[in-house]
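If you want the building blocks of each chain, they are given just below.
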Amino acid sequence: MHTVSPQASEERVHPDIASSWRRSRLNGLRRDATPRLTPGPVATDSGLLRAARPVLGRTLGEIEGSRVALVLADHAACILEVDGALRAVSRSIEAVGIVPGVRLSEDRIGTNAMGTPLETRRSLLVRGEEHFLSAFRAFTCYGHPIVHPVTRRLEGVLGIGGEFDEDHRLSAPLARRIVRDIEDRLQQDSPRVQSRLMSAFRAAAGRRGRSVVVVGEGLVLATPSALDLLTPADHAAVRACAESLRPGAEESHRLTLASGREVVLTCAPIEDTQGVLVDICDERRARRGVAERVARWPLLVVGESGTGRTTEALGVAGPAATVLDATEIVLVGEQAWATELGAALDIPGPPVVVESIELLSAPLTALLARALRRTPRQVALTTTPGDHLDEVHAALSALCTDRVDLLPLRRRRHEIPQLAQRMLAEVTGHNRTRFTSDTLRILAGQPWRGNFTELRRVVEAAAAARSAGDIIPTDLPASHRSAQVPGSPFLEAEREIIVAAIEAAGGNKLQAARALGVSRSTLYNRMRALRIA
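Sequence positions are assigned chain by chain, starting from 1 and proceeding in written order. Reporting of local features is limited, given that this is a predicted model, to residues whose pLDDT is at least 70; pairs of side-chain atoms are given and counted only at 80 or more, and all residues count toward the totals for whole chains, interfaces and linings. Excluding hydrogens and water, the side-chain values take into account all heavy atoms of the structure.

**Student:** If you had to explain the overall build of the chain to someone new, which residues and values would you point to?
**Tutor:** Looking only at helices and strands, one finds 19 helices and 17 strands in the chain. The cut-offs for exposure are 20% and 50% of the maximum accessible area for each residue type, with area from a 1.4 Å probe on protein chains only; residues under the lower value are buried, those over the upper are exposed, and the others partly exposed. The 533 residues of the chain split such that 51% are buried. For this analysis, residues touch if any pair of their heavy atoms sits within 4.5 Å. Summarising the internal contacts of the chain: among those between residues at least 6 apart in sequence, 65% fall at separations of at least 24. Only runs of H or I of at least four residues qualify as helices and only runs of E of at least two qualify as strands under DSSP, and these elements are numbered from the N terminus.

**Student:** I'd like a rundown of the nonpolar core, residues and numbers included.
**Tutor:** Among buried residues, those of type Ala, Val, Leu, Ile, Met, Phe, Trp, Tyr and Cys that are joined through side-chain atoms within 4.5 Å constitute a nonpolar core. By size, the foremost hydrophobic cluster in this structure holds 32 residues, and its most contacted members are Ile 79, Ile 93, Leu 104 and Met 114. Every element with two or more residues in this core is listed here: α1 (15–26), β1 (68–74), β2 (79–84), α3 (87–95), β3 (124–126), β4 (139–147) and β5 (154–163). Excluding anything up to four places from it in sequence, Ile 93 contacts Ala 69, Val 82, Ile 98 and Phe 139.

**Student:** Can you lay out the packing of helix α11 (residues 334–345) against helix α12 (residues 362–374) for me, pointing to particular residues and giving the numbers?
**Tutor:** Here the axes come from fitting lines to C-alpha atoms, over the contacting stretch only for helices, and the angles between their N-to-C directions go from 0 to 180 degrees. Two elements in contact, α11 and α12, have axes separated by 11 Å at closest approach and are oriented at 5°. By the angle between their axes, α11 is roughly parallel relative to α12. Facing Glu 334, Trp 337, Ala 338, Leu 341 and Leu 345 of α11, the residues of α12 in contact are Leu 364, Leu 367, Leu 368 and Ala 371. Here the nonpolar group is Ala, Val, Leu, Ile, Met, Phe, Trp, Tyr, Cys and Pro; Asp, Glu, Lys and Arg are the charged ones; every other residue, Gly included, is treated as polar. Here the residues of the contact of α11 with α12 sort into eight nonpolar, no polar and one charged. For this classification, under 35 degrees means roughly parallel, over 145 means roughly antiparallel, 65 to 115 means roughly perpendicular, and everything else is oblique.

**Student:** Can you lay out the pattern of salt bridges for me, pointing to particular residues and giving the numbers?
**Tutor:** One side-chain nitrogen of Lys or Arg within 4 Å of one carboxyl oxygen of Asp or Glu is enough to make a salt bridge. Tallying each qualifying case throughout the model produces 15 salt bridges. Put simply, Glu 106 and Arg 23 hold a salt bridge, and the shortest N to O gap is 2.6 Å. Of this pair, Glu 106 sits in helix α4 (residues 106–109) while Arg 23 sits in helix α1; the two residues are 83 residues apart in sequence, bridging distant segments of the chain. Glu 106 sits in the buried class, given a relative accessible area of 2%. For Arg 23, a relative accessible area of 25% gives the class partly exposed. A salt bridge links Arg 374 to Asp 346; the shortest N-O distance between them is 3.6 Å. Linking Arg 374 in helix α12 with Asp 346 in the loop between α11 and β13 (352–355), this pair joins segments that are 28 residues apart in sequence. Residue classification places Arg 374 among the exposed positions, given a relative accessible area of 54%. Shared partners join several salt bridges into a network, and the residues in it are Asp 387, Lys 509 and Arg 520.

**Student:** Describe in detail the packing of helix α14 (residues 416–428) against helix α16 (residues 451–465), supporting the description with residues and values.
**Tutor:** Where α14 contacts α16, the axes come no closer than 9 Å and their chain directions differ by 55°. In terms of orientation, α14 lies oblique with respect to α16. Considering the relative orientation of α14 and α16, their crossing is right-handed. Within the contact between the two elements, α14 uses Leu 419, Ala 420, Met 423, Leu 424, Glu 426, Val 427 and Thr 428 and α16 uses Phe 452, Leu 455, Arg 456, Val 459, Glu 460 and Ala 463. By residue class, the composition of the contact of α14 with α16 is nine nonpolar, one polar and three charged. Here a crossing is called left-handed whenever its near helix is offset anticlockwise from the far helix by less than a right angle, and right-handed whenever the offset is clockwise.

**Student:** Could you give an account of the confidence of the model for the chain, with specific residues and numbers?
**Tutor:** Residues of the chain with pLDDT of at least 70 account for 89%, and the chain-wide mean is 84. Scored below 50 in pLDDT, residues 1–8 makes 15 contacts in the model with residues more than four places away or belonging to other chains. Per residue, pLDDT measures the predictor's confidence, with a range of 0 to 100.

**Student:** Please provide a residue-by-residue account of the pairing of β4, values included.
**Tutor:** Counting buried residues in β4 gives nine out of nine residues, a clear majority hidden from the surface. Residue alternation in β4 divides its side chains into two sets, Phe 139, Cys 141, Gly 143, Pro 145 and Val 147 and Thr 140, Tyr 142, His 144 and Ile 146, and both sets are buried. As paired strands, β3 and β4 are joined by three bridges and run antiparallel to one another. Note that in β4 the partner of Leu 125 across the bridge is Tyr 142. Each pair of strands is called paired provided DSSP finds at least two bridges between the two strands. With nine bridges connecting them, β4 and β5 associate as antiparallel partners. Looking across to β5, one finds that Gly 143 is bridged to Gly 159.

**Student:** Break down the packing of aromatic side chains for me, with residues and values.
**Tutor:** Planes of paired rings set the category: under 30 degrees apart is stacked, over 60 is edge-to-face and the rest tilted, where pairs are Phe, Tyr or Trp rings (Trp by its six-membered ring) whose centres lie within 6.5 Å. One pass over the structure, following the stated rule, counts zero aromatic pairs. Comment: the charge-over-ring label is applied if NZ (Lys) or CZ (Arg) is within 6 Å of the ring centre and within 35 degrees of the ring normal. The ring of Trp 21 carries the charged tip of Arg 31 above its face, separated from the ring centre by 4.7 Å.

**Student:** Can you explain the environment of Asp 325? Please cite residues and give values.
**Tutor:** Mapped onto the fold, Asp 325 is located in strand β12 (residues 322–325). As for Asp 325 and Glu 355, which are separated by 30 residues in sequence, their C-alpha atoms are 4.5 Å apart. Excluding anything up to four places from it in sequence, Asp 325 contacts Trp 337, Glu 355 and Ser 356.

**Student:** Could you give an account of a nonpolar patch on the surface, with specific residues and numbers?
**Tutor:** Residues enter patches when their relative accessible area tops 30% and they take part in no salt bridge; the joining distance is 9 Å for like charges and 5 Å for the nonpolar side chains Val, Leu, Ile, Met, Phe, Trp and Tyr. In this description, accessible areas are obtained by the Shrake-Rupley approach with a 1.4 Å probe, and a residue is regarded as covered only by the protein chains that are shown. On the surface, Val 330, Leu 331 and Val 332 cluster together into a nonpolar patch covering about 350 Å² of accessible area. Secondary-structure assignment places Leu 331 in helix α10 (residues 329–332). You can call Leu 331 exposed: its relative accessible area is 72%.

**Student:** I'd love a proper account of unusual backbone geometry, names of residues and values included.
**Tutor:** Omega for the bond connecting Trp 297 with Pro 298 falls within 30 degrees of zero, at -10°, which places this linkage in the cis form. Within the secondary structure, Pro 298 is located in the loop between β10 (276–282) and β11 (299–302). The backbone of Ala 77 shows a phi angle near 65°, a positive value even though the residue is not glycine. Its location among the elements puts Ala 77 in the loop between β1 and β2. Of note in this structure, Trp 448 is not a glycine but carries a positive phi near 50°. Residue position: Trp 448 is located in the loop between α15 (437–444) and α16. Classification of Trp 448 by relative accessible area gives buried; the value is 0%.

**Student:** Break down α14 for me, citing the residues and quoting the values.
**Tutor:** For α14, with 13 residues, the first-to-last C-alpha span of 18 Å sits near the 18 Å given by 1.5 Å per residue. Among all positions in α14, only Ile 416, Pro 417, Gln 418, Leu 419, Ala 420, Gln 421, Met 423 and Leu 424 are buried. Buried residues in α14 make contact with α8 (232–243), β8 (251–256), β16 (433–435), α15, α16 and β17 (469–471). The span expected for a helix works out to 1.5 Å for each residue beyond the first.

**Student:** Give a description of the sheet that holds β12 that names residues and reports values.
**Tutor:** Taken in spatial order, the five strands make up an open sheet running β12-β13-β14-β11-β15, and their pairing is parallel. Edge strands, defined here as strands with exactly one partner in the open sheet, are β12 and β15 (402–405). Between one strand axis and the next, the sheet turns through 15° on average, direction left out of account. By the bridge criterion, three bridges tie β13 to strand β14 (residues 379–383) in an arrangement that is parallel. Looking at β14, one finds that Val 352 is bridged to Val 379. Along the sheet, α11 contacts β12, β13 and β14; its crossing angle with β12, the most-contacted strand, is approximately 155°.

Pasting the structure below:
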């Protein structure tokens, strides 16, 4: 029996295992951590599952009595199906939480035979103690990626696993055969789907001069007028709009093209496919910048870190505004900061911007609330979202006549390509360097938890890697070279419903939970599972 000690030198294991261990540590995982295995919805109508089920059923009949199980996961490492050749094997796997709907991505549970092959796009055998988390060291599993033979898109991964002391020498050839059969069925299904995409495209493009794009199933079709209208950055924005469309929905987005032209993108799903039809229409209205906003004072600007709260507040208050930042309290002390606040608000003058009110203590909050009631100045407050606006800082929120909520970049994917290209021009001071379409697609697919700040750091790193010519994906920092694949349509829909409920409740999680008909703890569990900040 082959074993690897948790403290074993990384040189003694397969290079992919060693690399995965390093990534697991960088993701903040500990070997003794409890796995985060919260089941979510399963996309039961996915093309991968349709193609795989007959193959898995036939294989289980062939290996009946073996102490192994077949595990199928999608491109986001979400388990679609778990089938054991023996019920005892199924029970042992279910006992550790591996059930449909659970995500086994490497960033969640470390090295494993489902998430790691999705990271590397290579097959991998993970023996007992080669798993990063000790909870999985009773099992050995071989994982093999499933790649669509037409689109070359990574569709998912097939795992064959069982208890650690079993002989798994036949796992690799069996997995290769199963994956080959699944890929053959995907290829057989592809012409039918692509025919439907072509039909939808021809029907929409029938009117002369219409700007239409169809995105889906490895195809991107565009009318001549759309090709004339769109630059590579615009194409990436259109794709981001199409890929973020909620199931069964039709959505419209305003977009400023690289040429400065204003358009409306109307995205509609194409029946019986995962494709989207994007209709591009002129938006005949003047561009409205931040400086044109007419505010009612006091103004509250709410947004995650890096979303541009300061830029928004100063854009409304003007360049002459006085800025007081609550982050300085730790340096100067509460008394000195309170004195400076009083001096700024007690006398007439230009607008005042008070930054990061989420950091204010209860006494400073009361002091600022009193000052807001009597100050002759126009005041803008900036803050992060959260329950604090309904609790310790509720008085400040209630005193604000106007409020601006800044969306995080992950909810503005269609804007990222142009933002990145604009930042690149600012960083380099010229237009000789541009992002390729593939690079822009990867940037649009990132979660951007640091929002604009994180995007600028990545753009600066890419600019440093290539001073002229096209910036390709390998020029990006290693942490941002792979697009974060969206979850299943059902998970995306659930995510949007929760986000909308929280927004409708003004950030109050308890109120949002009541509106959704769930407990507050359930809401927090789903937020963690869906990575809702």
